[in-house]
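Overview (structure and organization)
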Amino acid sequence: MLDIVYDVEGVAGARVWQWPGRVAIGIRPSPNAGADEVLHRVEMAVARLREEGERWEFGLLDEVF
């Protein structure tokens, strides 16, 4: 999954967390990319991995990470 996220144009950093029935993906967009647009592309790129009943969340990573 992390490889798929890093293949999305505009992703400069990424982190994935998984729990039973839940997935969270955090990204850091590259400086010249719009955060909302990159988040949308990431969501579309991993959509095929979703299983029914799973809860997925997407967000931005802090600069500290």
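Model, not experiment: these values are computed from the prediction.

Reading the values: rules and limits
Residues numbered from 1 in each chain as written. Predicted model: local features only at pLDDT ≥ 70, side-chain atom pairs only at ≥ 80, totals over all residues. Heavy atoms only, no water. Salt bridge = Lys/Arg side-chain N within 4 Å of Asp/Glu carboxyl O. Helix = DSSP H or I, 4+ residues; strand = E, 2+ residues; numbered from the N terminus. Buried < 20%, exposed > 50% of the residue type's maximum accessible area, 1.4 Å probe, protein only. Pairing = 2+ DSSP bridges. Axes fitted to C-alpha atoms, helices over the stretch in contact; angles between N-to-C directions. Contact = heavy atoms within 4.5 Å.

**Structural notes on the pattern of salt bridges**
- Enumeration over the complete set of coordinates arrives at 4 salt bridges.
- In this structure, R22 and E57 form a salt bridge, with 3.0 Å as the shortest nitrogen-oxygen distance. Of the two residues, R22 is situated in strand β2 (residues 22–29) and E57 in strand β3 (residues 55–60); the sequence distance between them amounts to 35 residues.
- On the basis of relative accessible area, R22 is assigned to the partly exposed category, the value being 30%.

**Section: the sheet that holds β3**
- Overall, mixed pairing links the 3 strands, which are arranged β1-β2-β3 in an open sheet. Each edge of the open sheet is held by one strand with a lone partner, namely β1 (11–19) and β3. Across the sheet, the axes of successive neighbouring strands diverge by a mean angle of 15°, strand direction being ignored.
- Sitting on the sheet, helix α2 (residues 35–46) is in contact with β1, β2 and β3, with an inclination near 150° to β3.

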